[in-house]
Amino acid sequence: MSKKELIVVGELNVDLILNNIDGFPKIGTEIIADDMNLTLGSSSAIMAANAAAMGVNTSFCGKIGKDMFGDIVLKELNAKQVNTNYISTSETHQTGITIVMNYDEDRANVTYCGAMELLTIDDIPWEELTEFKHFHLSNFFIQKGIRKDITLIFKKAKEAGLTTSLDLQWDPENQWDFNYEECLPYVDVFMPNEAEIKALTGTSSIEEALEKVTPYANTIALKMGAKGSIGIKEGTKLEITSFSNPNHVDSIGAGDSFNSGFIKQYIAGKSLEECLSHGNLMGALNTTAPGGTGAFKNPEEIKQKVKSIFNVAI
C-alpha cells in the first residue's frame, strides 16, 4: 500500500448482531435469537476497515472508551491494517455499542453513543493532514461534538489540499439539522442513500431531492441498494445497476462498503462511472458474509471472491 492515502473521521463502536429472531420485541416479553455476532461496528470504521482490506492505506481518527469494547475496536482495525494512531481514549465515557436486530434485508438498531460524542474538531490531526490524499467523514448526526463545526472541518480539509467525501447517515432525532447549502461546496463527493436525501430535503421523491441538493454539490453518489446507484457531476447524471448476489447473508454495512469501493477508485483518479460500479460491486460483496467487514480480508481474496460470485475481474 502507498503511504497515507485516506483518513477517515468518525464514530467508533462495536455491533452486537442478532439474527434469526423469533418475531419482534414487545415490552414485558422475551423473544429468542438463534444467532449472534459481536463485531466491529460503526459506519466510519466499516468504511475504513474495508478500504484498507482493498489495499488503500487508511488511517482513522475517532474516540473510544477505556474498556473491553474499545480494545475490540482497536484490535479489529489493526487486523485490517488501519492506522489507529489518531484514535484517542476517553477516561469518562465508554465505547459505543449498537444492538442490531436483523430481519432479512431490514433491521432495527439501538445505539449507545458513549465516547463517540466527545470527538471534536480539535481531535483531527490538522498538522499531519497534508500528508493524506483524501478525507472522509461518516455518520454526522450521531457525533454531537463535531456537528457545529462541520462546514469548517471540510473547509480546512480542502485548504490542506485533500479531496473530501461525506456520508451523513440517518438522523436518530429526525431533525436533519445540516446546512447542505453551506457545507456541500467543500465536499467533493456527497454519499447519501435514498431515505437520507429525501429526509434531508423534506421531499417525497428522489427527483425532487436531487433537484434541491445538486446546485450545491460537486459530485453526488446516491446509494439505492438493490437498484444500484446514481451519480451526478457537472450536469451529467449516471445510473449504474447493482450486482445480483445469490449468496445474500445480511445487508449490514453494505452502504459503507459502497463508500469504500467508490473512494478507492476515486483516489485512483477513475471516472464517475467506474467509481459507482466498483461501489456497487463492493456493496454487493459485503452482503455475502455476516456483519460489515466479514467479506473483506485482503485484496487478493477480494479479487477471488468477486470473480467466483459475480464473475467479474478486478
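Above this note sits the structure.
Within each chain, residues carry numbers counting from 1 in the order of the written sequence. The predicted nature of this model means local features are confined to residues of pLDDT at least 70 and side-chain atom pairs, given and counted, to a pLDDT of 80 or more, with totals for whole chains, interfaces and linings taken over all residues. Note that the side-chain values use all heavy atoms of the structure and ignore hydrogens as well as water.

Draft legend 1. Helix α6 (residues 206–213), seen in detail. Turning to α6, its buried residues number three or more, namely I206, A209, L210 and V213. Looking straight down α6, one finds its buried side chains confined to an arc of 95°; they lie on one side. Seen from the open side of α6, the exposed residues pointing more than 90 degrees away from its buried face are E207 and E211. When checking whether two residues touch, look at their non-hydrogen atoms; a contact exists if any pair is within 4.5 Å. Under the scheme used here, helices are H or I runs from DSSP no shorter than 4 residues and strands are E runs no shorter than 2 residues, and both carry numbers assigned from the N terminus. Tucked inside the fold, the buried residues of α6 contact α4 (180–183), β10 (189–190), α5 (194–201), β11 (219–223) and β12 (229–233). Three exposure classes are used, based on accessible area relative to the maximum for each residue type with a 1.4 Å probe and protein chains only: buried under 20%, partly exposed in between, and exposed over 50%. Starting at the helix axis, one direction is taken to each C-beta atom, and the arc is that of these directions.

Draft legend 2. The packing of aromatic side chains, seen in detail. In this scheme Phe, Tyr and Trp rings, the latter by its six-membered ring, pair at centre separations within 6.5 Å, and the angle between planes marks the pair as stacked below 30 degrees, edge-to-face above 60, and tilted otherwise. Tallied over the entire structure, the rule returns 11 aromatic pairs. With 6.3 Å between their ring centres and 65° between their planes, Y86 and F132 make a pair best called edge-to-face. Here Y86, found in strand β5 (residues 83–90), pairs with F132, found in the loop between β7 (106–112) and β8 (134–138); they are 46 residues apart in sequence, far enough to count as distant. Assigned by exposure class, Y86 and F132 land together as buried. Put simply, the rings of F140, F141, W170, W176 and F178 pair up and form one aromatic cluster. Should the NZ of a Lys or the CZ of an Arg lie within 6 Å of a ring centre and within 35 degrees of the ring normal, that charge is described as sitting over the ring. Above the plane of the ring of W126 lies K156, whose end atom (NZ or CZ) is 4.7 Å from the centre.

Draft legend 3. Seen up close, the pattern of salt bridges. A carboxyl oxygen of Asp or Glu within 4 Å of a side-chain nitrogen of Lys or Arg is what we treat as a salt bridge. This model, assessed by the stated rule, comprises 12 salt bridges. Linked by salt bridges that have partners in common, K4, E128 and E131 make up one network.

Draft legend 4. Spatial organisation of a negative patch on the surface. Among the surface-exposed residues, E207, E208, E211 and E239 lie close enough to one another that they form a single negatively charged patch. Ranked by the residues each element gives to the negative patch, the list is headed by α6, at 3 residues. Relative to the helices and strands, E239 is located in strand β13 (residues 236–240). You can call E239 exposed: its relative accessible area is 60%. Only residues whose relative accessible area exceeds 30% and that form no salt bridge enter a patch; like-charged residues are grouped when within 9 Å of one another, and nonpolar side chains (Val, Leu, Ile, Met, Phe, Trp, Tyr) when within 5 Å. Working definition of accessibility: Shrake-Rupley area with a 1.4 Å probe, residue cover restricted to the visible protein chains. His is not counted, nor are the chain ends; Lys and Arg add positive charge and Asp and Glu add negative charge. Lys charges are placed at NZ, Arg charges at CZ, Asp charges at CG and Glu charges at CD.

Draft legend 5. Focus on the environment of I240. For I240, the position within the fold is in strand β13. Counting along the chain gives 124 residues from I240 to M116, while the straight-line C-alpha distance between them is 34 Å.

Draft legend 6. Main features of the state of the cysteines. Put simply, a disulfide is two cysteine sulfurs that come within 2.5 Å. Overall, the coordinates contain 0 disulfides when judged by the stated rule. Take C113: it sits in no disulfide, and the sulfur closest to it among the cysteines is that of C61, at 17 Å.

Draft legend 7. Spatial organisation of the sheet that holds β7. When DSSP finds at least two bridges between two strands, those strands are taken to pair. Pairing is mixed across the open sheet formed by 4 strands, whose spatial order is β3-β2-β6-β7. Edge strands, defined here as strands with exactly one partner in the open sheet, are β3 (33–40) and β7. Averaged over all neighbouring strand pairs, the angle between strand axes comes to 20°, with direction disregarded. The sheet contact formed by strand β2 (residues 13–21) and β3 spans 7 bridges and is antiparallel. Its bridge partner lying in β3, D15 is registered against T39. Axis definition: a line fitted to C-alpha atoms, limited for helices to the stretch in contact. Angles are taken between N-to-C directions and run from 0 to 180 degrees. Along the sheet, helix α2 (residues 68–79) contacts β2, β3 and β6 (96–103); its crossing angle with β3, the most-contacted strand, is approximately 70°.

Draft legend 8. Layout of the nonpolar core. Counting 40 residues, the largest nonpolar core has F135, L137, L166, F178 and L184 as its most contacted members. Residue assignment for this core shows that the elements contributing at least two residues are β1 (6–9), β8, α3 (150–159), α4, α5, α6, β11 and β12. Residue contacts for L184: discarding those within four places in its chain leaves L166, F178, F190, V213, Y216, A217 and N218. We call a set of buried Ala, Val, Leu, Ile, Met, Phe, Trp, Tyr and Cys residues a nonpolar core when their side-chain atoms join them within 4.5 Å. Residues L6, V56, L77 and L276 belong to the second largest nonpolar core, which totals 30 residues.

Draft legend 9. Representation of the side chain of E5. Along the chain, E5 falls in the segment before β1. A polar side-chain atom of E5 sits 2.9 Å from the main-chain amide nitrogen of N57. Filtering out sequence-adjacent residues up to four positions away, E5 remains in contact with G55, V56, N57, F132, K133, H134 and I267. N or O atoms within 3.5 Å of each other form a polar contact, as long as, within protein, one can give a hydrogen and the other can take it, and as long as residues adjacent in sequence are counted only when both atoms are side-chain atoms.

Draft legend 10. View of the packing of helix α1 (residues 43–53) against helix α7 (residues 254–267). Packing of α1 against α7 brings their axes to within 8 Å, and their N-to-C directions diverge by 45°. Here α1 is positioned oblique relative to α7, judged by the angle of their axes. Seen along the crossing, α1 lies across α7 with a hand that is right-handed. Side by side, α1 and α7 meet where S43, I46, M47, N50 and A51 of the first sit next to D256, S257, N259, S260 and I263 of the second. For the contact of α1 with α7, the residue count by class is 4 nonpolar, 5 polar and 1 charged. Under this scheme an angle from 65 to 115 degrees is roughly perpendicular, one under 35 degrees roughly parallel, and one over 145 degrees roughly antiparallel; angles in between are oblique. In a left-handed crossing the near helix is turned counterclockwise from the far helix by less than a right angle, and in a right-handed crossing that turn is clockwise. Only Asp, Glu, Lys and Arg are considered charged, only Ala, Val, Leu, Ile, Met, Phe, Trp, Tyr, Cys and Pro nonpolar, and every remaining residue, Gly among them, polar.

Note that all results are geometric; they support no functional claim without further evidence.
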